[in-house]
Number of protein chains: 2
Amino acid sequence: MSQTLQNDRFLRALRRQPVDRTPVWLMRQAGRYLPEYRASRAEAGSFLNLAKNPDMACEVTLQPLRRFPLDAAILFSDILTIPDAMGLGLYFADGEGPKFERPLRDGAAIAKLGVPDMETELRYVMDAVRVIRRELDGKVPLIGFSGSPWTLACYMVEGGGSRNFSIIKAMAHNDPEALHRLLEVNTNAVIAYLAAQRAAGAQALQVFDTWGGVLSPAMYREFSLPYLARIARELERGEGDDRTPLILFGRGNGNYLGELAGTGAESLGVDWLMDLADAARATGGRVALQGNLDPTVLYGSPEAIRREVRTVLDSYRDGNGGSREGHVFNLGHGMSPDMDPDHVAVLVEEVHAYSAR
Amino acid sequence: MSQTLQNDRFLRALRRQPVDRTPVWLMRQAGRYLPEYRASRAEAGSFLNLAKNPDMACEVTLQPLRRFPLDAAILFSDILTIPDAMGLGLYFADGEGPKFERPLRDGAAIAKLGVPDMETELRYVMDAVRVIRRELDGKVPLIGFSGSPWTLACYMVEGGGSRNFSIIKAMAHNDPEALHRLLEVNTNAVIAYLAAQRAAGAQALQVFDTWGGVLSPAMYREFSLPYLARIARELERGEGDDRTPLILFGRGNGNYLGELAGTGAESLGVDWLMDLADAARATGGRVALQGNLDPTVLYGSPEAIRREVRTVLDSYRDGNGGSREGHVFNLGHGMSPDMDPDHVAVLVEEVHAYSAR
């Protein structure tokens, strides 16, 4: 499908091919910092109504692309659609993060879980992918995504966000077999989910391991990394230039980039706690890298934003043998609602202008 | 003063001298997980009343030592006493973290700050140190402490805890000179504060850089590390076996341990996001290391606690050329109110029993 793209910079960078300038998109680029998003959200009545209506999900997916010359669109959805489809009852309390009505607290609850049917129980997601692809009309590629098995498990066991992840870590220590069963089911579901998004038209796929970084190294290597590796290995995604690139993003994954590069994923997303030069050296050209501007730079002045954008671009180049190939510019984490759209315009313009020199 | 100690395991480990077993204390060992603490807290009426009354601060400092054979006591106080004494108005809203009535938002407010007088404005801290030393009567050493210049600045500028530290990071980008002035004043105050605690009787000193780990490497090296280094360099603390050891603890400091070991601090505190073997290799015997059990292991079963304690002890030994010398056992972060005192007993017992083999 990439032949028909008017802008394939993003996919070329993920394949580590030459590009005329570094492609850029921003995690949570469709969101509350945009007034037009807030209007759509008000019209829908709730975040979940917005995400579950393919036409409205398409509308908010496209909103940032109308403002900024971004090089990729990302499906508007939530990382917790899978456990919701498994029957845990996803909801959003006012002013709080996501929660589940029926969290999993023991092996018996975990044993009852099954992989949802993608074209019925998660049909709204696949329909959204199809509508967005049609409306994008080849302008830029569309990214599909999922939460990682470990990150899904965090929400499923804790029942929502957590300060110290005490419930799931207690399970990891006291009943590791039950937790591994949960991670197995989640992994099977993530693979099926990403495959279905690809079949529906997603041209790149990202896994968000938001909470891998709360684990000790031994626990990360037991409860998160092997399941990411299984996704990278088992997810069928084509060959050569038709291969759909897989991006593994993880907060706090800096110490594991070498191991993650060995999973077979095409790209790694890096947070802002590591110099991209070090990340490039640690992965040695085996993968493309996506990142890694500290999102709070967007609270700085336009001058500060331009300076920090250049620093990230140069850091990647310095660690990548003097070449900008294989870099997708992004933030190290998602945008926040109180950020200024004008500052996003400065960021995107500077990425393109500086990297084209 | 160390000659008169009945148990000097902790100070010997900080000097990398041989010990009969690995010493152990726990960050936030005096706290809400103990029913006797909750009783003292209720009697005092508020956390700050407790911290500001030397006799009551002494009582809660000693409470965990009556239950567990810990190898050190730590002054019961708050990391934010310095900015409170500077006039920012520390308070604790119900169920929330610390807040300041008058946060610093610009260079003009920062220019007015001065180093508080230790024996008047912070006399309650020094009195608490003196009372605790008297009551400890040489049983174990007493640790004094302070927040780091950067961590104090975070609370002083944000006005409390923060999700993404947007206000202070905006200041770092838009007015770095003002932030550096603040960090200078804080550093002068921290040095004077730790010197005064030492003069009052503290036998070891710890700096808590709780929020250094939210910074990108470039920002950490500009806004946190140089000020920690200045404390390590300029804090007068004696020589040889009479030298009062300085411990630099930092969440997320794993990538900087080599640099931190070069500051002249006697010891580094390490969180649980790094194998202690790697930390020992990165610092190559230049400092003692303190840590680094994931605190949530205390939610596990006694069997899980014993296993994870042994893993931390062995990890240190493996990275330290087969020797346990130079290790102080601790958690990688503070204890939580919902932890079980019986589990703490298991932890302390296992550290001593296993390391004595």
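In what follows, the structure referred to is the one given above.
If you're wondering where the values come from, they're calculated on a predicted model, not measured in any experiment. Residue positions are given per chain, counting from 1 as you read along its sequence in written order. Here every chain gets a letter starting at A, and every ligand a number starting at 1, in the order they are written. Local features in a predicted model are, by the rule used here, given only for residues with pLDDT of at least 70; side-chain atom pairs are given and counted only at 80 or more, and totals for whole chains, interfaces and linings are based on all residues. Each side-chain value is worked out from all heavy atoms of the structure, with water and hydrogens disregarded.

K.L.:
Could you clarify how one ought to interpret the environment of Leu50 of chain B in this entry?
P.N.:
Residues and elements named next belong to chain B. A run of H or I in DSSP counts as a helix once it spans at least four residues, and a run of E counts as a strand once it spans at least two, with each numbered from the N terminus. Tracing the backbone through its elements, the reader meets Leu50 in helix H3 (residues 47-52). For Leu50, a relative accessible area of 0% puts it in the buried group. Measuring from C-alpha to C-alpha, the distance between Leu50 and Arg16 comes to 35 Å, with 34 residues separating the pair along the chain. Whether two residues are in contact is decided by their heavy atoms: any pair within 4.5 Å suffices. Apart from the residues lying within four places of it in its own chain, the contact partners of Leu50 are Tyr37, Ser40, Arg41, Ala44, Met56, Ala57, Val60 and Phe76. Residue exposure (1.4 Å probe, protein chains only): buried if accessible area is under 20% of the type maximum, exposed if over 50%, otherwise partly exposed.

K.L.:
Which parts of the structure should I look at to understand the sheet that holds strand E5 (residues 204-209) of chain B?
P.N.:
Backbone-to-backbone hydrogen bonds pair the strands of a sheet. The strands run either parallel or antiparallel. Residues and elements named next belong to chain B. Any two strands between which DSSP finds at least two bridges are classified as paired. Strand order in this open sheet of 7 strands is E1-E4-E5-E6-E7-E8-E9, and the pairing throughout is parallel. Of all the strands in the sheet, the pair left with one neighbour each is strand E1 (73-74) and strand E9 (327-331). Of the pairings in the sheet, the one linking strand E8 (residues 288-293) to E9 comprises 5 bridges and is parallel in character. Bridge pairing in E9 links Leu293 to Leu331. Axis lines are fitted through C-alpha atoms, for helices just across the contact stretch, and the angle between N-to-C directions can take any value from 0 to 180 degrees. Along the sheet face, helix H14 (residues 276-283) touches strand E7 (267-270), E8 and E9 and points at about 160° away from the line of E8.

K.L.:
Explain helix H5 (residues 81-88) of chain B here, please?
P.N.:
Every α-helix winds through 3.6 residues per turn, so residues three or four apart in the chain are directed the same way. Residue and element names in this part refer to chain B. Counting buried residues in H5 gives 7 out of 8 residues, a clear majority hidden from the surface. Regarding H5, the residues found buried are Thr81, Ile82, Pro83, Asp84, Ala85, Met86 and Leu88. Two residues or fewer after H5 comes Gly89, characterised by a positive phi angle close to 80°.

K.L.:
I tried to follow the relation of the copies chain B and chain A on my own but got confused; where do I start?
P.N.:
Copy one and copy two of the chain differ by a rotation about a common axis and a shift along it. Its rotation angle being 180°, the transformation that places chain B on chain A also includes 0.0 Å of axial translation and leaves an RMSD of 0.0 Å. In short, the pair behaves as if placed about a two-fold rotation axis. Taken as a fraction of all interface residues of chain B, those also at the interface in chain A reach 100%, which identifies the copy contact as same-surface. Least squares is used to superpose the copies, and the fit set is the C-alpha atoms of residues whose pLDDT is at least 70 in both copies.

K.L.:
Would you take a moment to explain the interface of chain B and chain A for this structure?
P.N.:
Chain B puts 29 residues into the contact, and the matching count from chain A is 29 residues. For salt bridges, the criterion is a side-chain nitrogen of Lys or Arg within 4 Å of an Asp or Glu carboxyl oxygen. Between chain B and chain A we count 4 salt bridges in total. With a closest N to O distance of 2.8 Å, Lys169 of chain A and Asp294 of chain B form a salt bridge. Polar contacts, as counted here, are pairs of nitrogen or oxygen atoms within 3.5 Å of one another; within protein the pair requires one atom able to donate a hydrogen and one able to accept it, and residues that are adjacent in sequence qualify only if both atoms are side-chain atoms. In this structure, the connection of chain B to chain A is made through 10 residue pairs in polar contact (both at pLDDT 80 or more). Of all the secondary-structure elements, those providing two or more residues to the side of chain B that touches chain A are helix H9 (166-174), helix H11 (217-223) and helix H15 (302-319) of chain B.

K.L.:
How do you make sense of the pattern of salt bridges when you look at a structure like this?
P.N.:
One side chain can pair with another of opposite charge once the charged atoms of both are near each other. With the rule as written, the count across this model stands at 57 salt bridges over all chains. Glu350 of chain A is the salt-bridge partner of Arg306 of chain A, the closest N and O atoms lying 3.9 Å from each other. With Arg306 of chain A in helix H15 (residues 302-319) and Glu350 of chain A in helix H16 (residues 341-356), the pair connects residues that are 44 residues apart, well separated along the chain. In this structure Arg306 of chain A comes out as partly exposed when scored by relative accessible area, which is 28%. One salt bridge connects Arg130 of chain B with Glu119 of chain B, and the closest N-O pair in it is separated by 3.1 Å. One end of the pair, Arg130 of chain B, is in helix H7 (residues 123-136); the other, Glu119 of chain B, is in the loop between helix H6 (107-111) and H7, with 11 residues separating them in the sequence.

K.L.:
Is there a simple way to explain the side chain of Ser224 of chain B in this structure?
P.N.:
Residues and elements named next belong to chain B. Structurally, Ser224 can be placed in the loop between H11 and helix H12 (225-234). Looking at Ser224, the relative accessible area reads 2%, which means it is buried. Polar contacts involving the side chain of Ser224 include one to the side chain of Asp209, which spans 2.8 Å.

K.L.:
Whenever I open this one, helix H4 (residues 54-67) of chain A confuses me. Can you help?
P.N.:
Residue and element names in this part refer to chain A. Along H4, 10 of the 14 residues are buried, which leaves the element largely enclosed by surrounding structure. Looking at H4, one finds that the buried residues are Pro54, Met56, Ala57, Cys58, Val60, Thr61, Leu62, Gln63, Pro64 and Leu65. Contacts made by the buried residues of H4 are with helix H2 (35-44), helix H3 (47-52), strand E1 (73-74), helix H7 (123-136) and strand E4 (142-147).

K.L.:
Help me understand the side chain of His327 of chain A, please; the structure alone is not making it clear to me.
P.N.:
Residues and elements named next belong to chain A. Structurally, His327 can be placed in strand E9 (residues 327-331). Taking the relative accessible area as the measure of exposure, His327 reaches 2% and is therefore buried. Within the local environment of His327, its side chain forms a polar contact with the backbone oxygen of Gly291, the two atoms lying 2.9 Å apart.

K.L.:
Would you explain the sheet that holds strand E6 (residues 246-250) of chain A in this entry?
P.N.:
All names here are of chain A. Across the sheet, 7 strands lie side by side as E1-E4-E5-E6-E7-E8-E9; this open sheet has parallel pairing. Either end of the sheet is taken by a strand with one partner, and the two such strands are E1 and E9. Bridge count for E4 against strand E5 (residues 204-209) is 5 bridges, and the pairing is parallel. Residue pairing in the sheet places Gly147 in a bridge with Phe208 of E5. Lying on the sheet, helix H14 (residues 276-283) is in contact with strand E7 (267-270), strand E8 (288-293) and E9; it crosses E8 at an angle near 160°.

K.L.:
Sorry, what's going on with the pairing of E8 of chain B here?
P.N.:
All names here are of chain B. Of all 6 residues making up E8, 6 are buried, and the element is well covered by its neighbours. When E7 meets E8, the two strands line up parallel, connected through 3 bridges. In the sheet register, Ser267 faces E8, and the bridge partner there is Ala288. Taken together, E7, H14 and E8 form a β-α-β motif whose crossover is right-handed. Classification remark: right-handed applies to a crossover when, strands pointing away from the viewer, the course from the first strand over the helix to the second runs clockwise.

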